[in-house]
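Notes for the structure review
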Amino acid sequence: MRKTWVLLLTLLVTVGLLSGCLPGQSKETETKDPAPTTGQTEQKTEGPKKGGTFTSFIINPTSMDPHIYSYGAHIHRMALSEGLVTWKSSKFEVGPASAESWTISPDKLTYTFKLKKGLTWSNGDPLTAKDFEYSLKRAIDPKTWAGAYASYQGAGILNAAQFQRGEVTADKIGVKAIDETTLEIKLDKPNDIFLMRLAEVWGLPVHQATVEKFGKDWTKPENMVTNGPFKLKSWTVNSEIVMVRNDNYKGPNPGNLDQIKLFLNAANILAYENNEVDSVEVTSADIDRIQKNMPDQLIATETGAVQGFWLMFGDNQTLMDKRVRQALAMSVDRAKIAKLVSKDTVAPAASLFPSVVGGDWSTKYAYKYDVAAAKKLLADAGYPDGKGLPEITLLISYNIAATDPFTMAVIDEWKTNLGVKAKVENLEWGLFSQKRFAYQPADFAGMFNFSWTSPYPDAINYIRGNWGLETLWADGTKYQGYLDIQNDKNLDAATKSKKMEEYRLANASPEGKRWIELKAAIDKETDPAKQLPLYQEMAQLRLDAAMYIPLNIAKSFRVVKPHIKGYEMNPFLIGYPMYYRSLYSTK
Amino acid sequence: MLRFLSRRLGFMVIALVFVSLLTFILMHMAPGNFLDAKRISSGDVSGDEQASVDVIAEMEKRYGLDKPLYIQYLTYMKGMATWDMGPSFQFPQMDIQEIIAKAFPVSLTLALFSVALSIIIAVPLGILAAVKQNTVWDYCSMFLSMIGNSIPAYVLAVFLILFFSLKLHWLPTAGWTEPKHVIMPVLALGLGSVGGIARYMRTSMVEALRQDYIAAAWAKGGSFTRVVLGHALRNSLIPLITVVGPQLARLMVGTVFIESMFRVPGLGSYFTLAANTRDFPLLMTSSVFFAFVIMMMNLVVDLMYGFLDPRIRFE
């Protein structure tokens, strides 16, 4: 009897003690700074009001280092850190940030940045050109984590690629602090979008002393030193991030808010309706209701993410005839499907260039909806009205179930317009990621689903960044030899790359070979004006080859509370704000 | 007792080695790997073939994935034995022991509160049903517990959010920074298991009340408190503990749905993330840790048997 009560009591005491572990009571990760005192809310001047809080969601960051790829790097760019230059709007024009001015040499190879005087870090230390030299070299260094994922790749800093391959030492990299406020960056060849690229996460500075003192723990809120308009107050992993105004910020782009609170999981429209957050992404399931109930709070943008299907290789040669692929690409009325089936939650894409890259790329290099021409192509290929064509498999991963009605409508169009049968194979992504690049058996003719966005609006990156033709094989069986080299454990990385390159050159289709030639010609050409026609030829070549069939472009929908102003969506980052500094609250 | 303990702990070590081996083998047989996942999420599916090959080689070297499998396995095991597993793939700046040290107390809090809640409701309910067997009390309490038992926690969670957040505006829909954030996840997890526990309680109580010594106690003129809550309750706790122990262990290692719905930074979210991204070190550690917690809980349950029933001796 007594023992039973002892047992129950023990249980109760344990529970009581554990309330010490209750949320909100363990504040170890918070800095001890008092609440910011700059919130002068009674400003009568024009322009954004100071003060207030913005609460929203963000994709869960797995690191808070600007040079390691995760949403943490984007949080740095949007709030915590500031590079030499910044984007002025969602059009990505370049404006001054830590650098107040810059000059470009006549040969377009040397950029000299003048830093604004008196800049400081959040701990009060002076911010100098040396900090930028250290940081840029850190971002490029593959040892920081994995250089390529830190978004630097291809920006073209002198000797950066050679350094990454271990051919030269860090002091040969074309980044040099001339004095306290002057930084010189040399490129290996002219790059018209270099300044726009420099505003990406790899161009953000980190505080050398902090990084060296704390190692990987420098990203903990109590250690972190940054130079942006906001600083990290707390980071509860998998739960929330709180940022407050950085009173030591002396740059040209100060923020307006006192506090930014970002929840890292369970993004939910209910939290918005319960007034817990000021903005949230709207999924296609909620669009109708939101459009009816709060149309004035809904904002939307077309993004840079193009979705479609990607040719798979193997024994089956059906889809190796490009006329079949062209017929598939031309027989889908994307505009109709986007409107009627997807109810405008996606935009139609007949081109691999999204319209947000600007120029006429997205209209010039696009498939025409022409059923008669498609039927003729299919008949010419030996499959009149789809007769004799095996069923085509469209490989998707269940993560993208949201766009599935679109795919089903495409299958229906193929059947009605061409008499082509197709089916969906939906796989768990692990299986998907393995199968999509595997060598396929004779009874499999198919394509896999892709979705990709460039992180910045640049048509060239939609040619060089993805969807190349160098692996469009002359015939599907050539693919096996390529995989054999790729999976050969006995080759070191350099030999492997060289062998893969040789194999591509020897076994690619005529379009693939031309693609490789054009790429090499562009790499030799230093004048951007002379590169342009070559890129245009590549775009035309890719359209004609139809190895990738574009279908739609993702749209981002968000609701934003009426008292929050200055929200400008980033079309290349699923509708997050360009920068948190532009937000302000009228409450 | 000591011999019993050392034998049990010895078996536990062997079992844990088997669990780790099995996890390791299954992990390497599963399609896809972390680097592919990373390539998908960073959009780098084709890009510059050259860069991809270089980067993958660099990453494999960094994570020791270029070493023979048995070396990789032994490295993990050494890490686990010394409680220094190194960084997770997914969270490159956090060591795995740090992740567990942060997330386990969260899951533990949630588990203990919700089990305590369900015991506090279920035990009286079960006793009531047993004592008033085959009366309206019995039917009502068993009907209620049946309902509780058949509503999954995540469905209950949605109702709780709709009611407490959107209707009454008493509680935030999710979070884990203030004490009030605990209420809904605990209710969702706790209420769901009331039914099961109450039914066990009822059955074992009915069983206990039929025993001769209970009849003797009644005959001696024992009060309700003394007979039912004293003699019968204590003897009917053994089946209850058998159920509650493993349930507590299951909740302690994280609850996937409830954690993700209420933004609770517990172990469950890390485990699913580890499985989804093929984060090998985190996946290995979490499986072994899961097994360890379950085994420890079973050991505790066995020890409690002896505490509750002096006839049970550990030899």
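All figures in this text were calculated on a predicted structure; none of them were measured in a lab.

Counting secondary structure elements, chain B contains 13 helices and zero strands. Listing the helices and strands of chain B from first to last along the sequence gives α-α-α-α-α-α-α-α-α-α-α-α-α. In terms of principal-axis extent, the alpha carbons of chain B reach across some 85 × 60 × 30 Å. Total accessible area computed for chain B in this model is approximately 14500 Å², and 70% of it derives from carbon and sulfur atoms. For chain B, the centre of its 24 positive side-chain charges and the centre of its 20 negative side-chain charges are spaced 15 Å apart.

What follows covers unusual backbone geometry. Located in the positive-phi region is Asn159 of chain A, a residue other than glycine, with phi close to 70°. Mapping Asn159 of chain A onto the fold places it in the loop between α3 (129-140) and α4 (160-164).

Moving on, we get to the pairing of strand β9 (residues 240-245) of chain A. Residues and elements named next belong to chain A. With six of its six residues buried, β9 lies for the most part within the structure. Alignment of strand β8 (residues 230-236) against β9, held across six bridges, turns out to be antiparallel. Bridged to Lys231 within β9 is Val244.

What follows concerns the confidence of the model for chain B. All names here are of chain B. Considering every residue of chain B, the mean pLDDT works out to 83; 92% of them sit at 70 or more. In this model residues 40-50 is a low-confidence stretch, pLDDT under 50, and it forms 30 contacts with partners more than four residues away in sequence or in other chains. Scoring of the predicted complex yields 0.85 for pTM and 0.80 for ipTM.

Attention now moves to the environment of Leu198 of chain A. Residue and element names in this part refer to chain A. Mapping Leu198 onto the fold places it in helix α5 (residues 194-198). Remark: the alpha-carbon pair of Leu198 and Lys292, spanning 94 residues in sequence, is separated by 42 Å. Once you skip the residues sitting within four places of it in the chain, Leu198 turns out to touch Leu84, Val85, Phe113, Leu136, Ile185 and Gly203.

Residues and elements named next belong to chain A. The strand order β4-β5-β7-β6 describes an open sheet built from four strands, whose pairing is antiparallel. Each end of this open sheet is capped by a strand with a single partner; those strands are β4 (99-104) and β6 (175-179). Averaged over all adjacent pairs, the angle separating strand axes in this sheet is 25°, with direction ignored. Relative to strand β7 (residues 182-186), β6 runs antiparallel, the two sharing four bridges. Pairing of Val175 across the sheet is with Ile185, part of β7. Strands in contact with α3 are β5 (110-115), β6 and β7; relative to β6, the strand with the most contacts, it is inclined by about 175°.

Looking now at the packing of aromatic side chains. One pass over the structure, following the stated rule, counts 37 aromatic pairs over all chains. Between Phe24 of chain B and Tyr76 of chain B, the ring centres sit 6.0 Å apart and the planes meet at 65°, which makes this aromatic pair edge-to-face. Here Tyr76 of chain B lies in helix α4 (residues 69-81) and Phe24 of chain B lies in helix α1 (residues 2-29), a separation of 52 residues in the sequence. Tyr76 of chain B sits in the buried class, given a relative accessible area of 14%. Site record: aromatic cluster; members linked through ring pairs are Trp310, Phe432, Phe437, Phe448, Phe450, Trp452, Tyr462, Trp467 and Tyr548 of chain A. Geometry around Phe353 of chain A places Arg542 of chain A over its ring, the cationic atom sitting 5.4 Å from the centre. For the cation-ring pair, Lys561 of chain A lies above Tyr272 of chain A, with the distance from its terminal atom to the ring centre recorded as 4.0 Å.

For the rest of this paragraph, the subject is the sheet that holds strand β10 (residues 259-263) of chain A. Residue and element names in this part refer to chain A. The four strands lie next to each other as β1-β10-β9-β8, forming an open sheet whose pairing is mixed. Here the strands that pair on one side only, and so sit at the sheet edges, are β1 (53-57) and β8. Neighbour to neighbour, the strand axes of the sheet diverge by 15° on average, direction disregarded. Bridging between β9 and β10 involves five bridges; their strand directions are antiparallel. Within β10, the position partnered with Met243 by the bridge is Ile260.

With that settled, consider a nonpolar patch on the surface. Among the surface-exposed residues, Val13, Val17, Leu21, Leu22, Ile25, Leu26 and Met29 of chain B lie close enough to one another that they form a single nonpolar patch of about 650 Å² accessible area. Along the chain, the position of Val13 of chain B falls in helix α1.

This brings us to the environment of Ala139 of chain A. As for its position among the elements, Ala139 of chain A is in helix α3. Sequence separation of Ala139 of chain A and Lys172 of chain A is 33 residues, and the distance between their C-alpha atoms is 15 Å.

All names here are of chain A. Counted by the stated rule, this structure contains 30 salt bridges over all chains. Residues Lys137 and Glu133 are paired through a salt bridge, measuring 2.9 Å at the closest nitrogen-oxygen approach. One end of the pair, Lys137, and the other, Glu133, are both in helix α3, four residues apart, so they sit about a helical turn from each other. Judged by relative accessible area, which is 16%, Lys137 ranks as buried.

The next subject is helix α9 (residues 322-330) of chain A. Summarising burial for α9 of chain A: seven of the nine residues are buried, a large majority. Regarding α9 of chain A, its N-cap is Asp321 of chain A, as a side-chain oxygen of that residue lies 2.9 Å from the backbone nitrogen of Arg323 of chain A further along.

Residues and elements named next belong to chain A. Checked against the element boundaries, Thr53 lands in strand β1. What makes Thr53 partly exposed here is its relative accessible area of 32%. With 207 residues separating them in the primary sequence, Thr53 and Ile260 have C-alpha atoms 5.7 Å apart. When neighbours within four sequence positions are excluded, Thr53 is seen to be in contact with Leu257, Gln259, Asp278 and Ile564.

Parameters and conventions
Residues numbered from 1 in each chain as written. Chains lettered and ligands numbered in written order. Predicted model: local features only at pLDDT ≥ 70, side-chain atom pairs only at ≥ 80, totals over all residues. Heavy atoms only, no water. Helix = DSSP H or I, 4+ residues; strand = E, 2+ residues; numbered from the N terminus. Areas by Shrake-Rupley, 256 points an atom, 1.4 Å probe, with all protein chains shown as cover. Lys, Arg positive; Asp, Glu negative; His and termini not counted. Charge placed at Lys NZ, Arg CZ, Asp CG, Glu CD. Buried < 20%, exposed > 50% of the residue type's maximum accessible area, 1.4 Å probe, protein only. Pairing = 2+ DSSP bridges. pLDDT = per-residue confidence, 0-100. Contact = heavy atoms within 4.5 Å. Axes fitted to C-alpha atoms, helices over the stretch in contact; angles between N-to-C directions. Phe/Tyr/Trp six-rings, centres within 6.5 Å; stacked < 30°, edge-to-face > 60°. Lys NZ or Arg CZ within 6 Å of the ring centre and 35° of its normal. Patch = residues over 30% accessible without salt bridge, like charges linked within 9 Å, V, L, I, M, F, W, Y side chains within 5 Å. Salt bridge = Lys/Arg side-chain N within 4 Å of Asp/Glu carboxyl O. Polar contact = N/O pair within 3.5 Å; in protein donor to acceptor, adjacent residues only side chain to side chain.

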